[in-house]
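Spelled out, the chains give:
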Amino acid sequence: METARGRVLSVASECVPLLKTGGLADVVGALPGALAAEGWEMRVLMPCYRPLKWRLEEMEEVFAEADLFGGPGRVMAGEVAGRKMLLLDAPHLYDREGGPYAGPDGDWGDNAQRFAALSWIGARIAREGLGDGWRPDVVHAHDWQAGFTPAYMDYWGSGGASSVLTVHNIAFQGWAPASLLSALRLPPQEFHPAALEYYGGLSSLKAGLVSADHITTVSPTYACELMRPEFGMGLQGVIAQRAGQVTGILNGVDTDIWSPEVEERPYNAASLKAKAENRAVLSGAFKLSVPGPLAILVSRLTYQKGIDLIPEVLPDFIAAGGGLAVLGTGDAPLEAAMRELEVRFPGRVGVRIGYDEGLSHLMFAGGDAVLVPSRFEPCGLTQMYGLRYGAVPVVALTGGLADTIINANPAAMAAGCATGLTFHPTEPPAFAEALRRLIHLHADPAAWETVQRNAMRHPVGWETSAAAYAALYRELMA
Ligand code: ADP
(Lines give C-alpha, C1' and ligand atoms only; values in the text may rest on other atoms or scores of the structure.)
Protein backbone atom coordinates (compact mmCIF):
# COMPACT_ATOMS: atom_id res chain seq x y z
CA MET A 1 0.00 0.00 0.00
CA GLU A 2 1.26 3.48 -0.88
CA THR A 3 1.89 5.59 2.23
CA ALA A 4 0.79 9.22 2.14
CA ARG A 5 3.98 11.14 2.81
CA GLY A 6 4.10 14.32 4.78
CA ARG A 7 6.51 16.72 6.43
CA VAL A 8 6.41 17.25 10.16
CA LEU A 9 8.22 19.85 12.22
CA SER A 10 8.72 18.71 15.80
CA VAL A 11 9.31 21.59 18.24
CA ALA A 12 10.79 20.62 21.59
CA SER A 13 13.25 21.70 24.27
CA GLU A 14 15.19 18.44 24.29
CA CYS A 15 15.90 15.50 22.00
CA VAL A 16 17.95 12.32 22.30
CA PRO A 17 20.90 12.05 21.66
CA LEU A 18 21.59 15.81 21.89
CA LEU A 19 20.16 16.60 25.30
CA LYS A 20 17.97 14.70 27.74
CA THR A 21 16.56 15.47 31.15
CA GLY A 22 13.50 13.21 30.91
CA GLY A 23 11.27 10.96 28.83
CA LEU A 24 10.30 13.87 26.56
CA ALA A 25 13.74 13.69 24.92
CA ASP A 26 13.31 9.96 24.25
CA VAL A 27 10.00 10.46 22.48
CA VAL A 28 11.19 13.43 20.41
CA GLY A 29 14.34 11.53 19.47
CA ALA A 30 12.59 8.26 18.62
CA LEU A 31 9.78 9.62 16.44
CA PRO A 32 11.82 10.74 13.40
CA GLY A 33 13.26 7.27 12.83
CA ALA A 34 10.01 5.45 13.56
CA LEU A 35 8.07 7.77 11.23
CA ALA A 36 10.66 7.57 8.47
CA ALA A 37 9.76 3.89 8.26
CA GLU A 38 6.20 5.07 7.52
CA GLY A 39 7.34 7.43 4.78
CA TRP A 40 7.25 10.67 6.80
CA GLU A 41 9.92 13.30 6.95
CA MET A 42 10.34 14.86 10.37
CA ARG A 43 12.69 17.65 11.38
CA VAL A 44 13.26 18.54 15.01
CA LEU A 45 13.67 22.17 16.12
CA MET A 46 15.32 22.68 19.50
CA PRO A 47 17.44 25.36 21.20
CA CYS A 48 21.19 25.35 20.72
CA TYR A 49 22.29 25.23 24.37
CA ARG A 50 25.95 25.87 25.17
CA PRO A 51 27.01 22.17 25.11
CA LEU A 52 25.60 21.85 21.57
CA LYS A 53 27.36 24.91 20.11
CA TRP A 54 30.28 22.99 18.63
CA ARG A 55 27.86 21.20 16.35
CA LEU A 56 26.99 24.44 14.53
CA GLU A 57 30.27 24.30 12.60
CA GLU A 58 28.95 21.39 10.58
CA MET A 59 25.50 22.86 10.06
CA GLU A 60 23.99 25.20 7.53
CA GLU A 61 21.92 28.32 8.16
CA VAL A 62 18.36 27.90 6.89
CA PHE A 63 16.45 30.67 8.67
CA ALA A 64 17.21 33.93 10.47
CA GLU A 65 15.46 36.55 12.55
CA ALA A 66 17.21 39.83 13.41
CA ASP A 67 15.32 40.48 16.62
CA LEU A 68 14.37 37.33 18.46
CA PHE A 69 13.24 38.57 21.86
CA GLY A 70 16.26 40.79 22.45
CA GLY A 71 18.95 39.50 20.10
CA PRO A 72 19.50 37.78 16.76
CA GLY A 73 18.49 34.19 16.13
CA ARG A 74 19.24 31.77 13.33
CA VAL A 75 18.24 28.21 12.59
CA MET A 76 21.02 25.81 11.68
CA ALA A 77 20.24 22.54 9.90
CA GLY A 78 22.21 19.33 9.99
CA GLU A 79 22.00 15.63 10.58
CA VAL A 80 22.71 14.09 13.99
CA ALA A 81 22.61 10.31 14.38
CA GLY A 82 20.23 10.00 11.45
CA ARG A 83 17.90 12.76 12.65
CA LYS A 84 17.36 15.97 10.70
CA MET A 85 17.98 18.56 13.40
CA LEU A 86 17.29 22.29 13.39
CA LEU A 87 19.20 24.05 16.15
CA LEU A 88 17.96 27.49 17.14
CA ASP A 89 21.13 29.49 17.70
CA ALA A 90 20.30 32.56 19.82
CA PRO A 91 23.22 33.12 22.20
CA HIS A 92 21.43 35.76 24.30
CA LEU A 93 18.86 33.10 25.23
CA TYR A 94 20.67 29.77 25.28
CA ASP A 95 24.44 30.21 25.42
CA ARG A 96 24.96 30.10 29.18
CA GLU A 97 26.49 27.88 31.83
CA GLY A 98 23.88 25.64 33.43
CA GLY A 99 20.96 23.38 32.55
CA PRO A 100 18.34 23.92 29.85
CA TYR A 101 15.74 25.22 32.30
CA ALA A 102 17.70 26.34 35.34
CA GLY A 103 21.03 27.80 36.36
CA PRO A 104 22.86 27.71 39.68
CA ASP A 105 20.22 29.99 41.24
CA GLY A 106 17.16 28.09 40.09
CA ASP A 107 14.93 28.43 37.01
CA TRP A 108 16.22 30.94 34.46
CA GLY A 109 14.33 34.18 35.03
CA ASP A 110 13.69 34.61 31.31
CA ASN A 111 12.34 31.12 30.62
CA ALA A 112 9.12 32.63 29.27
CA GLN A 113 11.10 34.52 26.59
CA ARG A 114 13.54 31.67 25.98
CA PHE A 115 10.83 29.18 25.07
CA ALA A 116 8.47 31.69 23.51
CA ALA A 117 11.39 32.33 21.12
CA LEU A 118 11.60 28.62 20.29
CA SER A 119 7.84 28.53 19.74
CA TRP A 120 7.93 31.71 17.66
CA ILE A 121 10.51 30.28 15.29
CA GLY A 122 8.52 27.05 15.02
CA ALA A 123 5.48 29.04 13.93
CA ARG A 124 7.53 31.17 11.50
CA ILE A 125 8.98 28.06 9.85
CA ALA A 126 5.41 26.81 9.38
CA ARG A 127 4.38 30.10 7.83
CA GLU A 128 7.39 30.86 5.66
CA GLY A 129 9.33 27.63 5.22
CA LEU A 130 13.09 27.21 5.50
CA GLY A 131 15.78 28.58 3.19
CA ASP A 132 16.10 25.18 1.51
CA GLY A 133 12.43 25.25 0.54
CA TRP A 134 11.29 22.84 3.23
CA ARG A 135 7.95 23.62 4.84
CA PRO A 136 5.97 21.42 7.22
CA ASP A 137 2.45 20.09 6.70
CA VAL A 138 2.11 19.49 10.43
CA VAL A 139 3.81 21.17 13.39
CA HIS A 140 4.13 18.90 16.41
CA ALA A 141 4.76 20.90 19.59
CA HIS A 142 5.84 19.22 22.83
CA ASP A 143 4.98 20.34 26.36
CA TRP A 144 4.96 23.88 27.77
CA GLN A 145 8.27 24.83 26.15
CA ALA A 146 6.63 24.65 22.70
CA GLY A 147 3.13 25.53 23.92
CA PHE A 148 3.06 28.96 22.28
CA THR A 149 3.79 27.45 18.83
CA PRO A 150 0.16 26.59 18.02
CA ALA A 151 -0.91 29.94 19.50
CA TYR A 152 1.48 31.91 17.28
CA MET A 153 0.31 29.85 14.29
CA ASP A 154 -3.24 30.77 15.19
CA TYR A 155 -2.60 34.48 15.69
CA TRP A 156 0.06 35.21 13.09
CA GLY A 157 -0.67 32.64 10.39
CA SER A 158 0.26 29.01 9.90
CA GLY A 159 0.98 28.83 6.17
CA GLY A 160 -1.68 26.13 5.99
CA ALA A 161 0.11 23.79 8.41
CA SER A 162 -1.85 22.00 11.13
CA SER A 163 -0.71 21.81 14.73
CA VAL A 164 -0.57 19.09 17.39
CA LEU A 165 0.42 19.61 20.99
CA THR A 166 1.60 16.65 23.05
CA VAL A 167 1.38 16.80 26.83
CA HIS A 168 4.13 14.68 28.37
CA ASN A 169 3.63 15.99 31.90
CA ILE A 170 0.83 18.35 32.89
CA ALA A 171 2.68 19.36 36.07
CA PHE A 172 4.81 21.87 34.14
CA GLN A 173 2.62 24.60 32.66
CA GLY A 174 4.95 27.44 31.63
CA TRP A 175 3.46 30.15 33.81
CA ALA A 176 4.35 33.80 33.13
CA PRO A 177 2.95 37.12 34.36
CA ALA A 178 0.33 38.86 32.23
CA SER A 179 2.63 41.89 31.98
CA LEU A 180 4.73 39.94 29.45
CA LEU A 181 1.84 39.66 26.98
CA SER A 182 3.08 42.10 24.36
CA ALA A 183 6.76 41.35 24.98
CA LEU A 184 5.93 37.76 24.06
CA ARG A 185 4.20 38.96 20.87
CA LEU A 186 0.79 37.77 22.01
CA PRO A 187 -2.27 39.83 21.00
CA PRO A 188 -3.72 41.65 24.04
CA GLN A 189 -7.28 41.08 22.85
CA GLU A 190 -6.72 37.33 23.33
CA PHE A 191 -6.13 37.80 27.05
CA HIS A 192 -9.42 36.31 28.26
CA PRO A 193 -10.41 33.00 29.91
CA ALA A 194 -11.29 31.21 26.66
CA ALA A 195 -7.83 31.97 25.22
CA LEU A 196 -4.60 33.11 26.87
CA GLU A 197 -5.62 34.08 30.40
CA TYR A 198 -4.74 31.51 33.07
CA TYR A 199 -5.51 32.31 36.71
CA GLY A 200 -4.68 35.95 36.09
CA GLY A 201 -1.45 35.24 34.20
CA LEU A 202 -0.22 33.35 31.17
CA SER A 203 0.51 29.67 30.66
CA SER A 204 2.22 28.55 27.48
CA LEU A 205 0.76 25.08 27.96
CA LYS A 206 -2.77 26.43 28.20
CA ALA A 207 -2.13 28.61 25.15
CA GLY A 208 -1.16 25.49 23.24
CA LEU A 209 -4.11 23.49 24.56
CA VAL A 210 -6.64 26.05 23.36
CA SER A 211 -4.93 26.73 20.02
CA ALA A 212 -3.66 23.39 18.73
CA ASP A 213 -5.72 21.61 16.09
CA HIS A 214 -5.22 18.41 18.05
CA ILE A 215 -3.94 17.43 21.49
CA THR A 216 -2.24 14.19 22.39
CA THR A 217 -0.87 12.77 25.57
CA VAL A 218 1.29 9.75 26.17
CA SER A 219 -1.32 7.14 27.06
CA PRO A 220 -5.07 6.68 26.49
CA THR A 221 -5.82 6.37 30.21
CA TYR A 222 -3.86 9.54 31.06
CA ALA A 223 -5.85 11.32 28.32
CA CYS A 224 -9.05 10.57 30.25
CA GLU A 225 -7.49 11.23 33.64
CA LEU A 226 -6.34 14.71 32.55
CA MET A 227 -9.96 15.81 32.36
CA ARG A 228 -10.38 15.17 36.09
CA PRO A 229 -9.29 17.55 38.87
CA GLU A 230 -7.12 14.92 40.62
CA PHE A 231 -4.87 14.72 37.54
CA GLY A 232 -5.43 17.87 35.47
CA MET A 233 -3.60 20.20 37.87
CA GLY A 234 -5.80 23.17 37.02
CA LEU A 235 -6.04 22.46 33.28
CA GLN A 236 -8.73 19.74 33.51
CA GLY A 237 -11.49 22.12 32.35
CA VAL A 238 -9.46 23.32 29.36
CA ILE A 239 -8.74 19.75 28.29
CA ALA A 240 -12.28 18.52 28.93
CA GLN A 241 -13.60 21.26 26.66
CA ARG A 242 -11.47 19.86 23.88
CA ALA A 243 -12.27 16.20 24.62
CA GLY A 244 -13.15 15.57 20.98
CA GLN A 245 -9.63 16.50 19.89
CA VAL A 246 -7.68 14.66 22.59
CA THR A 247 -5.95 11.35 21.83
CA GLY A 248 -3.74 9.17 24.00
CA ILE A 249 -0.83 7.54 22.16
CA LEU A 250 1.45 5.29 24.20
CA ASN A 251 5.18 5.82 24.04
CA GLY A 252 7.35 2.96 22.89
CA VAL A 253 10.79 1.91 24.07
CA ASP A 254 13.98 1.40 22.08
CA THR A 255 13.87 -2.35 21.70
CA ASP A 256 17.44 -2.52 20.37
CA ILE A 257 18.82 -1.18 23.65
CA TRP A 258 16.20 -2.69 25.94
CA SER A 259 16.38 -6.33 25.01
CA PRO A 260 17.36 -9.33 27.16
CA GLU A 261 18.98 -10.73 24.03
CA VAL A 262 21.71 -8.08 24.00
CA GLU A 263 22.59 -8.33 27.70
CA GLU A 264 25.77 -9.98 29.00
CA ARG A 265 23.89 -13.17 29.86
CA PRO A 266 21.29 -13.17 27.06
CA TYR A 267 17.91 -14.85 27.16
CA ASN A 268 14.55 -14.62 25.42
CA ALA A 269 10.95 -15.79 25.74
CA ALA A 270 11.80 -19.15 24.18
CA SER A 271 14.66 -19.80 26.58
CA LEU A 272 14.55 -18.17 30.01
CA LYS A 273 17.43 -20.22 31.43
CA ALA A 274 19.94 -17.40 31.66
CA LYS A 275 17.50 -15.24 33.60
CA ALA A 276 18.40 -17.28 36.68
CA GLU A 277 22.09 -16.48 36.09
CA ASN A 278 21.24 -12.80 35.87
CA ARG A 279 19.30 -13.11 39.10
CA ALA A 280 22.33 -14.62 40.80
CA VAL A 281 24.57 -11.79 39.58
CA LEU A 282 22.02 -9.21 40.70
CA SER A 283 21.72 -10.89 44.11
CA GLY A 284 25.51 -10.77 44.44
CA ALA A 285 25.66 -7.11 43.46
CA PHE A 286 23.12 -6.17 46.16
CA LYS A 287 24.30 -8.84 48.68
CA LEU A 288 20.89 -10.50 48.71
CA SER A 289 19.70 -14.00 49.44
CA VAL A 290 16.00 -14.19 48.63
CA PRO A 291 14.01 -17.45 48.64
CA GLY A 292 10.87 -16.04 46.95
CA PRO A 293 10.44 -13.41 44.24
CA LEU A 294 13.20 -10.81 43.95
CA ALA A 295 11.48 -7.52 43.12
CA ILE A 296 13.24 -4.44 41.76
CA LEU A 297 12.47 -0.74 41.91
CA VAL A 298 14.18 1.62 39.43
CA SER A 299 12.70 5.03 39.90
CA ARG A 300 12.85 8.62 40.91
CA LEU A 301 12.17 8.45 44.64
CA THR A 302 9.20 10.82 44.85
CA TYR A 303 5.65 10.98 46.11
CA GLN A 304 4.36 10.70 42.51
CA LYS A 305 6.01 7.31 42.26
CA GLY A 306 4.34 6.05 45.47
CA ILE A 307 7.71 5.35 47.09
CA ASP A 308 6.33 6.24 50.53
CA LEU A 309 4.11 3.13 50.30
CA ILE A 310 7.06 0.75 50.08
CA PRO A 311 7.97 0.78 53.81
CA GLU A 312 4.33 0.09 54.65
CA VAL A 313 3.90 -2.98 52.47
CA LEU A 314 7.40 -4.43 52.52
CA PRO A 315 7.53 -6.20 55.92
CA ASP A 316 4.77 -8.67 54.96
CA PHE A 317 6.34 -9.25 51.54
CA ILE A 318 9.70 -9.99 53.17
CA ALA A 319 8.05 -12.27 55.73
CA ALA A 320 6.48 -14.21 52.86
CA GLY A 321 9.90 -14.80 51.26
CA GLY A 322 10.25 -11.79 48.95
CA GLY A 323 13.17 -9.41 48.51
CA LEU A 324 13.78 -6.01 46.96
CA ALA A 325 16.62 -4.27 45.11
CA VAL A 326 16.21 -0.50 44.85
CA LEU A 327 17.96 1.93 42.46
CA GLY A 328 16.93 5.54 42.60
CA THR A 329 17.47 9.13 43.61
CA GLY A 330 15.03 11.74 44.74
CA ASP A 331 13.55 13.29 47.84
CA ALA A 332 15.87 13.04 50.84
CA PRO A 333 13.27 11.55 53.26
CA LEU A 334 12.40 8.83 50.74
CA GLU A 335 16.07 8.06 50.10
CA ALA A 336 16.49 7.76 53.89
CA ALA A 337 13.42 5.51 54.13
CA MET A 338 14.91 3.17 51.52
CA ARG A 339 18.24 3.06 53.37
CA GLU A 340 16.42 2.21 56.60
CA LEU A 341 14.76 -0.76 54.91
CA GLU A 342 18.16 -2.02 53.83
CA VAL A 343 19.39 -1.86 57.44
CA ARG A 344 16.21 -3.43 58.78
CA PHE A 345 16.16 -6.34 56.31
CA PRO A 346 19.79 -7.30 55.61
CA GLY A 347 20.12 -9.84 52.84
CA ARG A 348 16.57 -9.13 51.72
CA VAL A 349 16.66 -5.47 50.77
CA GLY A 350 19.49 -3.80 48.87
CA VAL A 351 19.55 -0.11 48.03
CA ARG A 352 21.65 2.00 45.64
CA ILE A 353 21.05 5.71 45.79
CA GLY A 354 22.18 7.10 42.46
CA TYR A 355 21.50 7.08 38.72
CA ASP A 356 23.06 4.11 36.93
CA GLU A 357 21.67 3.00 33.59
CA GLY A 358 24.04 0.03 33.33
CA LEU A 359 22.97 -1.31 36.71
CA SER A 360 19.32 -0.81 35.77
CA HIS A 361 19.82 -3.22 32.82
CA LEU A 362 21.15 -5.89 35.20
CA MET A 363 18.21 -5.26 37.51
CA PHE A 364 15.62 -5.85 34.80
CA ALA A 365 17.54 -8.89 33.54
CA GLY A 366 17.86 -10.39 37.04
CA GLY A 367 14.67 -9.21 38.72
CA ASP A 368 11.60 -11.41 38.98
CA ALA A 369 9.25 -8.47 39.27
CA VAL A 370 9.37 -4.67 38.92
CA LEU A 371 7.32 -2.53 41.29
CA VAL A 372 5.66 0.61 39.90
CA PRO A 373 3.23 1.93 42.55
CA SER A 374 2.76 5.39 40.97
CA ARG A 375 0.02 7.78 42.07
CA PHE A 376 -0.06 9.10 38.52
CA GLU A 377 1.98 8.01 35.51
CA PRO A 378 1.50 9.71 32.11
CA CYS A 379 3.08 6.72 30.34
CA GLY A 380 5.87 5.10 32.33
CA LEU A 381 8.83 3.21 30.92
CA THR A 382 9.97 0.82 33.62
CA GLN A 383 6.86 -1.35 33.36
CA MET A 384 7.67 -1.73 29.64
CA TYR A 385 11.26 -2.71 30.39
CA GLY A 386 9.77 -5.18 32.90
CA LEU A 387 7.64 -6.68 30.13
CA ARG A 388 10.62 -6.96 27.78
CA TYR A 389 12.78 -8.69 30.39
CA GLY A 390 10.15 -10.93 31.98
CA ALA A 391 10.45 -8.98 35.25
CA VAL A 392 6.73 -9.21 35.95
CA PRO A 393 5.33 -5.68 36.44
CA VAL A 394 3.36 -5.02 39.62
CA VAL A 395 1.74 -1.67 38.87
CA ALA A 396 -0.82 0.81 40.09
CA LEU A 397 -3.81 0.97 37.75
CA THR A 398 -3.27 4.51 36.48
CA GLY A 399 -2.21 6.29 33.28
CA GLY A 400 0.10 4.37 30.96
CA LEU A 401 0.49 1.60 33.54
CA ALA A 402 -3.19 0.74 33.09
CA ASP A 403 -2.71 0.72 29.31
CA THR A 404 0.31 -1.58 29.19
CA ILE A 405 -0.18 -4.28 31.82
CA ILE A 406 -2.84 -7.00 31.70
CA ASN A 407 -3.71 -8.11 35.22
CA ALA A 408 -3.16 -11.80 35.93
CA ASN A 409 -6.73 -12.46 37.06
CA PRO A 410 -8.33 -15.88 36.39
CA ALA A 411 -9.92 -14.72 33.12
CA ALA A 412 -6.66 -13.31 31.74
CA MET A 413 -4.78 -16.42 32.86
CA ALA A 414 -7.34 -18.63 31.12
CA ALA A 415 -7.14 -16.49 27.97
CA GLY A 416 -3.34 -16.64 28.06
CA CYS A 417 -2.83 -12.88 27.96
CA ALA A 418 -1.86 -11.93 31.53
CA THR A 419 1.36 -9.91 31.68
CA GLY A 420 1.54 -8.60 35.26
CA LEU A 421 -0.33 -7.60 38.39
CA THR A 422 -2.31 -4.39 38.79
CA PHE A 423 -3.79 -2.76 41.86
CA HIS A 424 -6.07 0.15 42.66
CA PRO A 425 -6.18 2.50 44.46
CA THR A 426 -2.55 3.49 45.06
CA GLU A 427 -2.78 2.78 48.80
CA PRO A 428 -1.12 0.27 51.12
CA PRO A 429 -3.91 -2.35 51.35
CA ALA A 430 -4.28 -2.72 47.58
CA PHE A 431 -0.50 -2.70 47.04
CA ALA A 432 -0.02 -5.30 49.82
CA GLU A 433 -2.66 -7.51 48.24
CA ALA A 434 -0.86 -7.29 44.88
CA LEU A 435 2.38 -8.39 46.57
CA ARG A 436 0.56 -11.36 48.15
CA ARG A 437 -0.64 -12.29 44.67
CA LEU A 438 2.93 -11.97 43.43
CA ILE A 439 4.12 -14.42 46.11
CA HIS A 440 1.41 -16.93 45.11
CA LEU A 441 1.99 -16.59 41.39
CA HIS A 442 5.73 -17.01 41.83
CA ALA A 443 5.16 -20.16 43.85
CA ASP A 444 3.46 -21.80 40.84
CA PRO A 445 6.31 -22.24 38.32
CA ALA A 446 4.10 -23.08 35.34
CA ALA A 447 1.80 -20.10 35.84
CA TRP A 448 4.78 -17.85 36.58
CA GLU A 449 6.62 -18.76 33.40
CA THR A 450 3.45 -18.30 31.39
CA VAL A 451 3.07 -14.74 32.66
CA GLN A 452 6.77 -14.04 32.05
CA ARG A 453 6.53 -15.30 28.48
CA ASN A 454 3.30 -13.37 27.80
CA ALA A 455 5.03 -10.27 29.12
CA MET A 456 8.11 -10.76 26.97
CA ARG A 457 6.00 -11.21 23.84
CA HIS A 458 3.94 -8.09 24.46
CA PRO A 459 4.95 -5.49 21.83
CA VAL A 460 6.50 -2.37 23.40
CA GLY A 461 8.46 -0.94 20.45
CA TRP A 462 7.73 2.30 18.60
CA GLU A 463 5.95 0.73 15.63
CA THR A 464 2.42 0.98 17.06
CA SER A 465 2.93 4.52 18.36
CA ALA A 466 4.50 5.70 15.12
CA ALA A 467 1.56 4.31 13.17
CA ALA A 468 -0.84 6.13 15.51
CA TYR A 469 1.02 9.45 15.08
CA ALA A 470 1.14 8.91 11.32
CA ALA A 471 -2.62 8.30 11.26
CA LEU A 472 -3.18 11.48 13.25
CA TYR A 473 -0.93 13.57 10.96
CA ARG A 474 -2.76 12.16 7.94
CA GLU A 475 -6.09 13.09 9.46
CA LEU A 476 -4.87 16.62 10.15
CA MET A 477 -3.60 17.03 6.60
CA ALA A 478 -6.84 15.80 5.04
P1 ADP B 1 9.70 9.49 34.84
O2 ADP B 1 10.03 10.03 33.49
O3 ADP B 1 8.45 10.01 35.46
O4 ADP B 1 10.85 9.53 35.81
P5 ADP B 1 9.50 6.95 33.43
O6 ADP B 1 9.21 5.58 33.90
O7 ADP B 1 8.69 7.47 32.29
O8 ADP B 1 9.39 7.92 34.69
O9 ADP B 1 11.03 7.06 32.99
C10 ADP B 1 12.06 6.94 33.91
C11 ADP B 1 13.30 6.49 33.19
O12 ADP B 1 14.45 6.76 34.00
C13 ADP B 1 13.35 5.01 32.93
O14 ADP B 1 14.10 4.81 31.76
C15 ADP B 1 14.09 4.46 34.17
O16 ADP B 1 14.70 3.23 33.92
C17 ADP B 1 15.09 5.55 34.36
N18 ADP B 1 15.57 5.70 35.74
C19 ADP B 1 14.92 6.27 36.77
N20 ADP B 1 15.70 6.30 37.87
C21 ADP B 1 16.87 5.70 37.52
C22 ADP B 1 18.10 5.44 38.22
N23 ADP B 1 18.26 5.78 39.48
N24 ADP B 1 19.09 4.84 37.54
C25 ADP B 1 18.93 4.49 36.24
N26 ADP B 1 17.82 4.73 35.53
C27 ADP B 1 16.79 5.33 36.16
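Only a predicted model underlies this, so the values are computations on that prediction, with no experimental measurement involved.

## Here's the deal with the pattern of salt bridges
Pairing between side chains of opposite charge can happen when their charged atoms approach one another. Considering all chains together, one arrives at 20 salt bridges under this definition. A salt bridge links Glu-65 to Arg-185, with the nearest nitrogen and oxygen atoms 2.8 Å apart. Remark: Arg-185 occurs in the loop between strand S10 (175–176) and strand S11 (197–198) and Glu-65 occurs in strand S3 (residues 60–65); sequence separation between them is 120 residues. Salt-bridge contacts for Glu-433 lead to Arg-436; the nearest nitrogen and oxygen are separated by 3.0 Å. With Glu-433 and Arg-436 both in helix H16 (residues 428–442) and three residues apart, this pair spans about one turn of that helix. Looking at Arg-436, the relative accessible area reads 41%, which means it is partly exposed. Because the salt bridges share partners, they merge into one network encompassing Glu-65, Arg-124, Arg-127, Glu-128 and Arg-185.

## Here's the deal with the sheet that holds S10
In space, the three strands of this open sheet follow the order S10-S12-S11, with antiparallel pairing throughout. Because the sheet does not close on itself, it has two edges, and the strands there are S10 and S11. Relative to strand S12 (residues 201–203), S11 runs antiparallel, the two being bridged by two bridges. For Glu-197, the partnering residue across the bridge sits in S12 and is Leu-202.

## Concerning the UniProt feature "binding site: ADP-alpha-D-glucose" (unreviewed entry) in the protein chain
As recorded in UniProt, the sites labelled "binding site: ADP-alpha-D-glucose" (unreviewed entry) are Lys-20. Here Lys-20 lies in the loop between strand S1 (7–11) and helix H1 (23–36). Beyond its immediate sequence surroundings of up to four residues, Lys-20 is in contact with Glu-14, Ala-25 and Asp-26. A polar atom in the side chain of Lys-20 sits 2.7 Å from the side chain of Asp-26.

## Brief notes about the UniProt feature "domain: Starch synthase catalytic" (unreviewed entry) in the protein chain
Here the UniProt feature "domain: Starch synthase catalytic" (unreviewed entry) sits at residues 7–240. Secondary structure within residues 7–240 divides into 29% helix and 25% strand; the distance between the first and last C-alpha atoms comes to 29 Å.

## Overview of the sheet that holds strand S13 (residues 214–217)
Taking strand neighbours across the sheet as the criterion, the nine strands line up as S3-S4-S5-S2-S1-S8-S9-S13-S14 in an open arrangement whose pairing is mixed. Of all the strands in the sheet, just S3 and strand S14 (246–248) have a single pairing partner and so form its edges. Strand-to-strand twist in this sheet, taken as the mean axis angle between neighbours without regard to direction, amounts to 25°. Contacts from H1 reach S1, strand S2 (41–47), strand S5 (83–89) and strand S8 (138–142) within the one sheet, and its direction differs from that of S2 by about 155°.

## Focus: the packing of aromatic side chains
By the definition in use, this model includes 17 aromatic pairs. Arranged with centres 6.4 Å apart and planes meeting at 85°, the rings of Phe-69 and Trp-120 form a pair that is edge-to-face. Remark: Trp-120 occurs in helix H3 (residues 111–128) and Phe-69 occurs in the loop between S3 and strand S4 (73–80); sequence separation between them is 51 residues. Classification of Phe-69 as buried rests on a relative accessible area of 11%. Assessed through its relative accessible area of 8%, Trp-120 is described here as buried. Above the face of the Trp-108 ring, Arg-96 is positioned so that its terminal group lies 4.8 Å from the ring centre. Here Arg-375 stacks its cationic end above the ring of Tyr-303, 3.7 Å away from the centre of that ring.

The rules behind the values
Residue indices follow the written sequence of each chain, beginning from 1 at its first position. Per-residue local features are limited, in this predicted model, to residues with pLDDT of at least 70; the limit for side-chain atom pairs, both in listing and counting, is 80 or more; totals at the level of whole chains, interfaces and linings are taken over all residues. With hydrogens and water excluded, all non-hydrogen atoms of the structure serve as input to the side-chain values. Salt bridge, as used here: a side-chain nitrogen of Lys or Arg that lies within 4 Å of a carboxyl oxygen of Asp or Glu. Runs of H or I in DSSP of at least four residues are treated as helices and runs of E of at least two as strands, each being numbered from the N terminus. Burial classes: relative accessible area under 20% of the type maximum marks a residue as buried, over 50% as exposed, and values in between as partly exposed (1.4 Å probe, protein chains only). By this definition, two strands are paired if DSSP reports at least two bridges between them. UniProt positions are given in the numbering used here, feature names are shortened, and annotations may be inferred rather than shown by experiment. Contacts: residue pairs with any heavy atoms within 4.5 Å of one another. Whenever a nitrogen or oxygen atom comes within 3.5 Å of another N or O atom, the pair is scored as a polar contact, on the condition that within protein one atom can donate a hydrogen and the other can accept it, and that pairs from neighbouring residues in sequence are kept only if both atoms are in side chains. Here an axis means a line fitted to C-alpha atoms, over the contact stretch when the element is a helix, while the angle between two N-to-C directions is reported on a 0 to 180 degree scale. Stacked, tilted and edge-to-face are the three classes assigned to paired rings of Phe, Tyr and Trp, where Trp is represented by its six-membered ring and a pair needs centres within 6.5 Å; plane angles under 30 degrees give stacked, over 60 edge-to-face, the rest tilted. As a reminder, the over-ring test applies to NZ of lysine and CZ of arginine, requiring each to be within 6 Å of the ring centre and within 35 degrees of the ring normal.

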